[in-house]
Every structure is written in structure tokens, then in C-alpha cells.
Amino acid sequence: MKRNIILVIALLATTLSACAPSPTPEEPTVITFAIPATTTFFTQANFRGLADDFNQANPDLQVQLRAIGTQELRGVDDFYADILLNEEWGSDAFFVRGGALTKRLADSGRILDLQPLLEADPGWELDDFYPPVLAQFQHTGNLWGVPTEFVPLVMFYNKDLFDEAGVAYPRPLALSGVEGGWTRDDFLATAVALKAALPEKDFAFAGGTEAAVPFIYAHGGSLLGEDGNCTLDNPLTIGALRWYFDLALVHEVMPTLAQVEAYEPELPPNVGLFSGIYGDGELGEGVRRAMEADGWLNVAAGWGDAALWIAPLWEQGGWQQDIPWKFRWGVAPLPRDAVEVTMLDAFGCYVTAHSQHPQEALRWIEYLTRHRVDISGIPARRSLAQGAAFRGILGQEIDGPALDALLAQVERGQALHLTSTRGMAAHCLGDALVDIYERGADVETALRQAQQRLSGQ
């Protein structure tokens, strides 16, 4: 009897339970992630695919992408602060280039200090990130953003012209760090051999003011002081530039300013791509001409008229990947001199200070750090950059030894922010360029006079 009572109670409970209304499922938390749609460093399609995969795997958290269109950029003085941080959008996080932007945003109080949040979560494995890449998101000892990938400055070479000349391809720097590999002397010997075999080529090395920067720092010199202003009177800088301009004046492996300005190639269909190389009409003659020359040298490389040139890795394969290079190419690290130098731009994510869901935003960002976001970059995490999956998607142009050499240079080299340092080259060296090439001034005199003009003396 007692057993029957218990059975009835159990059946009654089951019946009532079945009749009770089901609990309403909780709505997922939605975070807005802003991406600059006009940048050439990643594709919107890639972000959409990653967001779709993340949303499917995380039903409690949904990422809503907000792409910035060209219409929204017009009339904006501060591209990143005014657009990506627009509080009316309610953006929780955004993707952008790091570097100098970190300090500006951190000091403005408009982004969140992520250091305490990340330190409290061992799953982030911050030691997995390359230190020079992580450093572009640090300020006052704290971490304000998280990198997803980086783009180093590299030496490209045209395999077709090397083969035509019968010259061996550049050798990656020995991974052990011992003497040998791809040094400044190796570079010069290679360029001289190319010019001897291809005497009709003005662009054995397509070097302008921007290409001079890594050679300056590798020699122990500097282009910019701590205040960000040009410093051209450093003896090591003068020595490096004396060697550099001899590439044109003595060895004839690099074009002079006149040779660059006489170069008249057919421009690519997307002529607007080069609208920025001419300046705004307020630049001095030397700066304007240096900027134009750097632009035309980029054209020469892309059109297959140069055997060696220095450029960011994101230029691999062609202009914005819309106009592919029609030649076989390869990659080598920057030539080593007295100092091994790596120059890179890091890209990653910040969380806005007004976000109502910072922890959820970090879940999404952590997911991005473990996937390939930038199709032209190298993952910021060692585990991804050195893994078989990433190597498997690289073309034969960036083979195992070349990638190993680039990664070793990032680990060992003196790290410099690519855009801010290299972007000042024409401004710092433009007047000296004209004095040296057209007025016959020696390098030291031209640099000291340029320094005086820049200092307003």
C-alpha cells in the first residue's frame, strides 16, 4: 500500500511537470564589433565568416559587425577616435592598427585597460604572443589592446629576374644567430651581380627614401629622436646613408632621382591607389619629389621591373591583391648589419571604455587571436605562426626557411614601428636627396644642412 502511494505521487509529479510551461530561453548577449571597411589589410568577408562560426558555437553571445563606410569617414579629423569609438553606435570593441594609437587612446580614457582582466584569466596565455607585437598595444606598463597579427617589413625579390641573371636567391639569416646568412654585404654583392648580368635594368634594387630606413637602424643609427623629430646628424646615421647613396652613385645598383623620374610605366587601372604619393601642394620640393619617387619605385616593383625591393609583407602578390604580380617572387628578412632590426605593424583589438559587456567582448577577441584574421599578416601568437596549419596555407613564395627567418628576426631583432618610422623618411631625407643627386653635395654636408632646415636654424 505504501509503495502504491509513492508510485502515485511520482506519476502525479511527472504529469504536473509535463504540463508546466517551459522556461523562456534567455536572450543572447549582443556585442558590436567595429571594423574599418576601407582598409586593405583584411577582408570583410573573412570577418563575417569568423563571426558566423563564433555565433554558432556560442549561442549565449552574438557578435554584430559594424563596418565603416567611406561616407562615414568624410570630414573626420581623427579617423579612429571619432569613428571607431563613436558612443552612439555602442561599439564594444574594434579592430585597427596598433602602435602610436595605443598611447593616444589610452591617454584619452576612451579604451579599457585590459591588463587586470587578462591577468585574471590564464586561458589567454599572454606568453604565447610575440613580445614586440604585444608591445604595440602596451602603454605605461599595461596592456590596452590585443594583437591578432603583424605585418613585418621584408625584402622581396623577383625570381624571374634572378633566374635570368643567373644569381642565387637571398639566403635567410642563420636561425642560430651566428655569422652568415643574409647580411648587408650579401645584399650588396647580390645587387652588384644582378646589375652586371642585367646592365639595362635601372632597378636592380628599387631603393628610395623609405627603403633607406632599415639600413639606417641596422647600422646603429636612427632616423627619429625620442621626440619623433628627424635626427640626421648622428655619425652612425651619416655612415649608413653614405653607404646607401653609394648604391646609386658608386655601384649603380639603385636608381638616382633622375632615373626614377624618367620612369614612365603604364599605370595600373586603379590609378586612385597612388593618389597619396604626390602630397597636398604644401610640401617642400624635396619632400614632394621623394614621396613621388617612392611611389614610382613601388610601381616598378609591382610591374616586374625591379629585382630587389623593400616593402611591408601585406604587399605580397600585388597591389591590394587586386592587380597581381605577373612574375614569380620570394621573400627574405631585412639584411643584417651591426644590429639586427625588425620593423612591423601590429593589428588587433581594443575594448571601448563605454562597453557594457567587456568580458563578452574579450571572449570574441580571444577567439580572433586563435584564427587568421588578416589574410596578408602573420599570426601574433607563436603557436599559430609556427604551426603546421598556418604554414600549410602559405604559398611557395614564403617557404619554411623564409618564414623561420622572419619569425627569428622578430624574436631577436630591435623592434621598430613600421608605419610611424618609415612614413617619416621622405620628410626627413627629401631635401638631402635632392642635394646629393642634383647638386653634388656630399652625404654628410647634405644631411647636416637638411637637419638645420628641419630644426629651423
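Thresholds applied
Residues numbered from 1 in each chain as written. Predicted model: local features only at pLDDT ≥ 70, side-chain atom pairs only at ≥ 80, totals over all residues. Heavy atoms only, no water. Helix = DSSP H or I, 4+ residues; strand = E, 2+ residues; numbered from the N terminus. Contact = heavy atoms within 4.5 Å. Buried < 20%, exposed > 50% of the residue type's maximum accessible area, 1.4 Å probe, protein only. Pairing = 2+ DSSP bridges. Core = buried A, V, L, I, M, F, W, Y, C linked by side-chain atoms within 4.5 Å. Axes fitted to C-alpha atoms, helices over the stretch in contact; angles between N-to-C directions. Parallel < 35°, antiparallel > 145°, perpendicular 65-115°, else oblique. Left-handed = near helix turned anticlockwise from the far one by under 90°. Nonpolar A, V, L, I, M, F, W, Y, C, P; charged D, E, K, R; others polar. Disulfide = S-S within 2.5 Å. 1 Å grid on protein atoms, 1.4 Å probe; cavity = no way out; pocket = protein on both sides within 12 Å on 5 of 7 lines; lining within 4 Å. Points joined across faces, edges and corners; volume = space filled by probe spheres on them. Salt bridge = Lys/Arg side-chain N within 4 Å of Asp/Glu carboxyl O. Expected span 1.5 Å × (residues − 1). Phe/Tyr/Trp six-rings, centres within 6.5 Å; stacked < 30°, edge-to-face > 60°. Lys NZ or Arg CZ within 6 Å of the ring centre and 35° of its normal.

K.L.:
How should I be thinking about the environment of leucine 223 in this particular structure?
P.N.:
The residue leucine 223 is located in the loop between helix 10 (209-218) and helix 11 (235-249) in this model. Residues leucine 223 and valine 213, 10 residues apart in the sequence, show an inter-C-alpha distance of 7.1 Å. Residues contacting leucine 223, with those up to four places away along its chain left out, are Val213, Ile216, Tyr217, Asn229, Cys230, Thr231, Leu232, Thr421, Met424, Ala425, Cys428 and Leu429.

K.L.:
What is the right way to read the pairing of strand 7 (residues 308-312) from this model?
P.N.:
Here is the key point about a regular strand: its side chains alternate between the two faces of the sheet. The element strand 7 is extensively covered by neighbouring structure, given that five of its five residues are classed as buried. In strand 7, alternate side chains face the same way, and those of Leu308, Ile310 and Pro312 on one face and Trp309 and Ala311 on the other are all buried. Where strand 6 (residues 145-158) lies against strand 7, five bridges are found, and the strand directions are antiparallel. In the strand pairing of strand 7, leucine 153 is matched with proline 312.

K.L.:
Is there a simple way to think about the nonpolar core in this case?
P.N.:
When a protein is soluble and globular, its nonpolar side chains tend to lie buried together. The biggest cluster of nonpolar side chains holds 135 residues, and the ones touching the most others in it are Phe33, Phe205, Leu223, Tyr244 and Trp364. At nine residues, helix 19 (residues 425-438) tops the list of elements feeding residues into this core.

K.L.:
What should I look at first to understand the packing of helix 19 against helix 20 (residues 443-454) in this one?
P.N.:
Relative placement of two packed helices is described by the angle separating their axes and the distance separating the axes. Axis separation between helix 19 and helix 20 bottoms out at 9 Å; the angle between their running directions is 135°. Between helix 19 and helix 20, the angle falls in the class oblique. Once helix 19 is placed against helix 20, the crossing between them reads as right-handed. Contacts between helix 19 and helix 20 involve His427, Cys428, Leu429, Asp431, Ala432, Asp435 and Ile436 from the first element and Val443, Ala446, Leu447, Gln449, Ala450, Arg453 and Leu454 from the second. By residue class, the composition of the contact of helix 19 with helix 20 is nine nonpolar, two polar and three charged.

K.L.:
Hey, could you run me through the state of the cysteines in this one?
P.N.:
A covalent bond bridging the sulfur atoms of two cysteines is what the word disulfide describes. Across all of its chains, the model carries one disulfide by this definition. Between the sulfur atoms of cysteine 230 and its disulfide partner cysteine 428 the distance amounts to 2.0 Å. On the sign convention where negative means left-handed, the S-S torsion of about -80° between cysteine 230 and cysteine 428 marks this disulfide as left-handed. One end of the pair, cysteine 230, is in the loop between helix 10 and helix 11; the other, cysteine 428, is in helix 19, with 198 residues separating them in the sequence. Each member of the pair, cysteine 230 as well as cysteine 428, is classed as buried.

K.L.:
Honestly, the layout of surface pockets in this entry has me stumped. Any pointers?
P.N.:
A probe as big as a water molecule, rolled over the atoms, marks out the empty space that is left. Quantified by volume, the second largest pocket comes out at close to 440 Å³. Residue lining of the second largest pocket: 20 residues in total, with Ala415, Leu416, His417, Ser420 and Thr421 positioned closest to the centre. Its residues placed into classes, the lining of the second largest pocket shows eight nonpolar, nine polar and three charged.

K.L.:
Help me understand the pattern of salt bridges in this model?
P.N.:
Side-chain pairs of opposite charge can arise where the charged atoms are in close proximity. Tallied over the entire structure, the rule returns 24 salt bridges. We note a salt bridge from arginine 381 to aspartate 128, for which the minimum N-O separation is 3.2 Å. On the criterion of sequence distance, the pair formed by arginine 381 in the loop between strand 12 (378-379) and helix 15 (382-385) and aspartate 128 in the loop between helix 6 (115-119) and helix 7 (131-135) is long-range, its members being 253 residues apart. The pair formed by arginine 381 and aspartate 128 is uniform in burial state, with each residue classed as buried. For glutamate 444, the salt bridge identified is with arginine 448, shortest N-O distance 3.1 Å. You can see glutamate 444 and its partner arginine 448 sitting in helix 20, four residues apart, about one turn around the helix. Glutamate 444 gets classed as partly exposed once you look at its relative accessible area, which sits at 30%. Take arginine 448: its relative accessible area is 35%, and that puts it in the partly exposed class.

K.L.:
Is there a simple way to explain helix 13 (residues 285-302) in this structure?
P.N.:
At 3.6 residues per turn, the α-helix brings residues three or four places apart onto the same side. The terminal C-alpha atoms of helix 13, which comprises 18 residues, lie 26 Å apart, in line with the 26 Å expected from a rise of 1.5 Å per residue. With respect to burial, helix 13 is a largely interior element, 15 of its 18 residues being buried.

K.L.:
Sorry, what's going on with empty space enclosed by the protein here?
P.N.:
Scanning all chains against the criterion turns up two cavities of 30 Å³ or more. Taken as a whole, the largest cavity encloses approximately 80 Å³ of empty space. Around the largest cavity, the lining comprises 16 residues; the ones closest to its centre are Gly207, Gly208, Pro255, Leu433 and Tyr437. If one sorts the elements of the lining of the largest cavity by residue count, helix 13 sits on top with four residues. Split by residue class, the lining of the largest cavity holds 11 nonpolar, four polar and one charged.

K.L.:
Which parts of the structure should I look at to understand the environment of phenylalanine 129?
P.N.:
Relative to the assigned elements, phenylalanine 129 resides in the loop between helix 6 and helix 7. Note: C-alpha distance between phenylalanine 129 and leucine 384 (255 residues apart in sequence) is 9.7 Å. Setting aside anything within four residues of it in sequence, one finds phenylalanine 129 in contact with Trp124, Leu134, Val146, Pro147, Thr369, Ala380, Arg381 and Arg382.

K.L.:
Would you mind showing me how to read helix 10 here?
P.N.:
Across the 10 residues that make up helix 10, a large majority, nine, are buried. Among the residues making up helix 10, those that are buried are Thr209, Ala211, Ala212, Val213, Pro214, Phe215, Ile216, Tyr217 and Ala218. Phi for glycine 220, located one or two positions after helix 10, is positive at around 100°.

K.L.:
When you look at the packing of aromatic side chains in this model, what are you seeing that I'm missing?
P.N.:
Here the distance between the centres and the angle between the planes together describe a pair of aromatic rings. Per the stated rule, a full pass over the model turns up 32 aromatic pairs. Note on phenylalanine 33 and phenylalanine 47: the rings are 5.8 Å apart at their centroids and 45° apart in plane angle, and the pair reads as tilted. Of this pair, phenylalanine 33 sits in strand 1 (residues 29-36) while phenylalanine 47 is found in helix 2 (residues 44-57), placing the two residues 14 residues apart along the sequence. A relative accessible area of 0% means that phenylalanine 33 is categorised as buried. Take phenylalanine 47: its relative accessible area is 0%, and that puts it in the buried class. Connected via pairs of aromatic rings, a cluster forms that spans Phe33, Phe47, Phe54, Phe95, Trp314, Phe347, Trp364 and Tyr367. Lying across the ring of tryptophan 243, arginine 184 places its NZ or CZ 4.3 Å from the centre.

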